[in-house]
Amino acid sequence: MSQDPVRHGGDLVVDVLEQQGVRRVYTLCGGHVSPILVSAERRGIAIVDVRHEASAAFAADAESRLTGVPGVAVVTAGPGCTNTITAIKNAQMAQSPLVLLGGATGTILKGRGSLQDIDQMALFEPHVKWMAAVEHVRDLVPAVEQAFEEARLGVPGPVFVECPVDLLYPQPLVREQYGVGESAKPPRSLGERALRWYLGRHVRKIFRGADKVAASAPRSLPVPEATRREVQKVAKALRAARRPVALVGSQATLRVERIDEIASALGELGLPFYLSGMARGLVGVDHSRQMRHKRRLALGDADLVLLLGVAADFRLDYGRHVPRKATYVSVNLDDHDLVKNRRPDLGILADPGLFVLALAAELGGDADAPGLERTEWVASLRTRDDERNADIAARAEQTTEHVNPLHLFRTMDTLLDDDSVLVADGGDFVATASYILQPRGPLRWLDPGVFGTLGVGGGFALGAKAVRPASEVWLIWGDGSAAYSLAEFDAFARHGLPVIAVVGNDAGWTQIAREQVEILGAATATQLVHNEYHTVAEGYGGAGLLLDDPAQIADTLREAKRIAAEGKPVLVNVLLGATDFRKGSISM
C-alpha cells in the first residue's frame, strides 16, 4: 500500500503493475505522471529514469524480450509521448509486447490549449496494437489490465494507455486545482456559481466509483498452437526431404519460460537451421546442425524450406530466395506475415516455438530417416560455413590504418562470458559483428529487428543490464548510432548498471557510404570525424578507453571487463580501419 494516506489514481495503476509482476518502470519524469512513479517506488518497484523517452521505451522492449513479461515505460504528455514513437513503431514491427503509459492534460481541458495537449490517440493509432484513453479514475485499473493482456495476446506488440493528469492525483488536490476545493472562495456571480457547479459535477463524475475497483491477478491467455494434423503433415514432408533447411526467427523465443525446451527440440529435428533476430544463440555455439553463413545458397539448393517465425520480406528477397521446386512451409503467429509475398505450400498459424516442440515429439527421433543423402547435405553446408569462417579469419589478419574490425570481433568473441548479453545498434559495424560474435545461449542477443532502427542501444543495454545484473552486457555501437543514446551513460552510472560499450569509430556512416560513393560518386552527408566518445562517457560518469593499436585489442577489452566488474560502465572507443568486407550490402 502507498504511504500516502489518500489513495489516488497513480496508486491504482501501480496496483495493476504489482499484480502483473512488474519489477521495473522506465521513465523520464514529468508532472503529468509523477503519481505513478512515486507510488511505484514506494511499493518497491524500481524506477529507472533515462535521458530520453525513446530510451525508456527501448528499455521496456528489452525487458519484454528477455523476461516474457511486458516491459513498462511511463512518459509525460505531449513531447514525452511523441519522443517514444520510433521506439514504439520498432516494437510493433519486432512484435515485442510492451506497455506505454502516457500522461495527458486534464479531462476537462482537452483541446483548450493547455500545456502539452495534443491528440495523442491519433498519433499512436497506427503504431500500437491496442490503445485506450481513460476518462474516469475507476477505469484506470481495467484499462491497464487489458493493456497487459492485449500486449501478449496473439501476435505480441506495444500498447498505449493515456492517463490524464486529473485522474492520477488525489481528489482533494484535483478539486483545489479546479477551484472547487475547501479553500475556494465563494462565487460572486451567477456565472461563477454555474461554473463552480459544472466543475464540481465534473470532478465528482471522474472520481465516482474509484473506491470500488481492485486489481486482479493476470489471466492465463490462449496461445495459438498447430493442430495434430498440421504437425503430422509437416513431419511427413520433413521425413521425405533430402535437403531440408529451417530459418528460425524471434517468434520462436516468445515462450521465455520454455526456451530451453524449445532449443533442445530444435536440435532434435534433424535438419540444418539458421537463426536470426532474438533466436541468435538459441542452441549455443557448437551445435552440429546450426549454420551461420551462405544462407541464400542453402535455400537455393534445398528441397524443403521451413520458416519458423520468419516472414518472406526483403531479408528473403520477398520470397524469391525460396526455390519454387522446394516444399515451402511457414509457421507464424501473424496471418499477414504467414503469406507475405509468397503463399506457402503448408502455412500454419501458430506459435513457432511451441510448434518446434510438437514437431520434435511427432518425429520421435526419426527425423534423419533419409539417411546418407541428408548426411551429405549437412556436410556440404558445413563445408561452406567452414570456408566462410576461414575467409573471415584471413581477412582479420589484413593490416589496416587503425584496427581491423574483423580482428576486433574475433578477439572479442574469445573473451565473452557464457552469460554475456549482446546488444546490437548500428549499421556496417554491427553487421560485421553478426558474422563473428556468437551468443553462448538463448536470449543473449538484442537487435532492433526488421525496422532496422538506429538508436536502440542505450535503452536496450539499460533494460538488459537491469534484468540481468549478474551478466556482462556488451553494447556494440556504430559511431553514427552511438550519438542517438550516448547520454544514457549517465543513466548507466546513476543506476549502477555497468554496461560495456564498444564503439566502432570509422568516422562515417559507412553502410551508406559504401554504395553511395560507388553508385552516385559522392560521399555527401556520410562523413563524420573520429570523435572522442570515450571522453563523453567519462563526462557522464562512466569510464572511457581509446583503442587504436591492434596489438592492444585483447588487453583493452580485458580492462573494460575489469572496470565493469567493479561496477562502472565503460566505453571503448575503437578507431577502425577501412575494409571491403561488406561491399555490396545495400538493401531495398
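Described below are features of the structure shown in this document. Note that the structure is a prediction, hence the values are computed from the model and not measured. (Residues numbered from 1 in each chain as written. Predicted model: local features only at pLDDT ≥ 70, side-chain atom pairs only at ≥ 80, totals over all residues. Heavy atoms only, no water.)

1. Considerations on the sheet that holds strand E8 (residues 273–275)
Moving on, step 1. Spatial ordering of the open sheet is given by E8-E7-E9-E10-E11, a layout of five strands whose pairing is parallel. In this open sheet, the two edge strands, each paired with only one partner strand, are E8 and strand E11 (346–349). Going across the sheet, the axis of each strand differs from the next one's by a mean of 10°, ignoring polarity.
Moving on, step 2. As defined by bridge partners, strand E7 (residues 244–248) adjoins E8 across three bridges and the pair is classed as parallel. Following the sheet pairing, Ala-246 is matched in E8 by Phe-273.
Moving on, step 3. Set on the sheet, helix H11 (residues 228–240) makes contact with E7, strand E9 (304–308), strand E10 (327–332) and E11; between it and E11 the angle comes to about 145°. (Pairing = 2+ DSSP bridges. Helix = DSSP H or I, 4+ residues; strand = E, 2+ residues; numbered from the N terminus. Axes fitted to C-alpha atoms, helices over the stretch in contact; angles between N-to-C directions. Contact = heavy atoms within 4.5 Å.)

2. Brief notes about a nonpolar patch on the surface
Moving on, step 1. Residues Leu-195, Trp-197 and Tyr-198 make up a contiguous nonpolar surface patch of about 350 Å² in total accessible area.
Moving on, step 2. Following the sequence through the fold, Trp-197 ends up in helix H10 (residues 190–207). (Patch = residues over 30% accessible without salt bridge, like charges linked within 9 Å, V, L, I, M, F, W, Y side chains within 5 Å. Areas by Shrake-Rupley, 256 points an atom, 1.4 Å probe, with all protein chains shown as cover. Salt bridge = Lys/Arg side-chain N within 4 Å of Asp/Glu carboxyl O.)

3. Side note on helix H7 (residues 140–152)
Moving on, step 1. The first and last C-alpha atoms of H7 sit 19 Å apart over 13 residues, in line with the 18 Å expected at 1.5 Å per residue.
Moving on, step 2. Burial runs high along H7: ten of the 13 residues are buried.
Moving on, step 3. Inspection of H7 places Leu-140, Val-141, Ala-143, Val-144, Glu-145, Ala-147, Phe-148, Glu-149, Glu-150 and Ala-151 among the buried residues, and these make up the whole buried set.
Moving on, step 4. Contacts from the buried residues of H7 go to helix H1 (9–19), strand E3 (71–75), strand E4 (98–104), strand E5 (130–133), strand E6 (158–164) and helix H8 (165–168).
Moving on, step 5. Positive backbone phi, at 60°, marks Gly-154, one or two positions downstream of H7. (Expected span 1.5 Å × (residues − 1). Buried < 20%, exposed > 50% of the residue type's maximum accessible area, 1.4 Å probe, protein only.)

4. Looking at the pattern of salt bridges
Where side chains of opposite charge bring their charged atoms close, a pairing between them can arise.
Moving on, step 1. Evaluated as defined, the whole model comprises 30 salt bridges.
Moving on, step 2. The salt bridge involving Arg-558 is made with Asp-555; its shortest N-O contact spans 3.5 Å. Of the two residues, Arg-558 and Asp-555 both sit in helix H24 (residues 553–565), three residues apart, roughly one turn of that helix.
Moving on, step 3. Residue class for Asp-555 comes out partly exposed when judged on its relative accessible area of 45%.
Moving on, step 4. Measuring nitrogen to oxygen at the nearest pair gives 2.6 Å for the salt bridge that ties Glu-559 to Arg-562. Note that Glu-559 and Arg-562 are positioned in helix H24 at a spacing of three residues, about one turn of the helix.

5. Focus on the state of the cysteines
What is meant by a disulfide is a covalent connection between two cysteines, made through their sulfur atoms.
Moving on, step 1. All chains considered together, the criterion is met by zero disulfides.
Moving on, step 2. Of all cysteine sulfurs in the structure, the one in Cys-163 sits closest to Cys-81, which takes part in no disulfide; the separation is 9.4 Å.
Moving on, step 3. Exposure remark for Cys-81: the relative accessible area of 0% places this residue in the buried category. (Disulfide = S-S within 2.5 Å.)

6. Observations concerning a positive patch on the surface
Moving on, step 1. Taken together, the side chains of Arg-201, Arg-204, Lys-205 and Arg-208 make up a positively charged region of the molecular surface.
Moving on, step 2. Among the secondary structure elements, Arg-208 is positioned in the loop between H10 and H11. (Lys, Arg positive; Asp, Glu negative; His and termini not counted. Charge placed at Lys NZ, Arg CZ, Asp CG, Glu CD.)

Limitation: the analysis is restricted to geometry and does not speak to function.
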